[in-house]
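Descriptive analysis of the structure
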Amino acid sequence: MHKPMELKMVNEEGKRKLFLDGKEMHHVMEYKIKSPQKGNYAELSIKMIVQFPVTRENVL
């Protein structure tokens, strides 16, 4: 198993910002953190807006 990404949460101007391995996650609509199962590991689920170009390769 590879080392999990590091989650950092910052409150700024009344809004919570999420960072994974130091990179801010933009356009996050919702997130959910399940309590740690092992030590300081947890499961993070993110609902976010992304741009997804429709091409033959990525549409079934």
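My aim in this report is to walk through the structure given alongside it, one point at a time. (Residues numbered from 1 in each chain as written. Predicted model: local features only at pLDDT ≥ 70, side-chain atom pairs only at ≥ 80, totals over all residues. Heavy atoms only, no water.)

**Describing the overall build of the protein chain**
Along its length, the protein chain carries 0 helices and 5 strands. Moving toward the C terminus, one meets the helices and strands of the protein chain in the order β-β-β-β-β. For the protein chain, whose C-alpha radius of gyration is 15 Å, the value lies well above the compact-globule estimate of 10 Å for 60 residues. Principal-axis analysis of the C-alpha atoms gives the protein chain an extent of 45 × 35 × 20 Å. Of the contacts made within the protein chain by residues no fewer than 6 positions apart, 11% connect residues no fewer than 24 positions apart. (Helix = DSSP H or I, 4+ residues; strand = E, 2+ residues; numbered from the N terminus. Rg over C-alpha atoms; globule rule 2.2 N^0.38 Å. Contact = heavy atoms within 4.5 Å.)

**Description of the sheet that holds strand β2 (residues 15-20)**
Strand order in this open sheet of 3 strands is β1-β2-β3, and the pairing throughout is antiparallel. Here the strands that pair on one side only, and so sit at the sheet edges, are β1 (7-12) and β3 (23-24). With 2 bridges joining them, β2 and β3 adopt antiparallel strand pairing. The residue of β3 that forms the bridge with phenylalanine 19 is glutamate 24. (Pairing = 2+ DSSP bridges.)

**Some words on the pattern of salt bridges**
Overall, the coordinates contain 3 salt bridges when judged by the stated rule. Of the charged contacts in the structure, one is a salt bridge between glutamate 43 and lysine 34, with a shortest N-O distance of 3.7 Å. Exposure remark for glutamate 43: the relative accessible area of 43% places this residue in the partly exposed category. (Salt bridge = Lys/Arg side-chain N within 4 Å of Asp/Glu carboxyl O. Buried < 20%, exposed > 50% of the residue type's maximum accessible area, 1.4 Å probe, protein only.)

**Brief notes about unusual backbone geometry**
With a phi angle near 55 degrees, glutamate 13 is a residue other than glycine that sits in the positive phi range. Here glutamate 13 lies in the loop between β1 and β2. Since its relative accessible area comes to 78%, glutamate 13 is described here as exposed. The phi dihedral of aspartate 21 falls on the positive side, at around 50 degrees, and the residue is not glycine. Here aspartate 21 lies in the loop between β2 and β3. Taking the relative accessible area as the measure of exposure, aspartate 21 reaches 51% and is therefore exposed.

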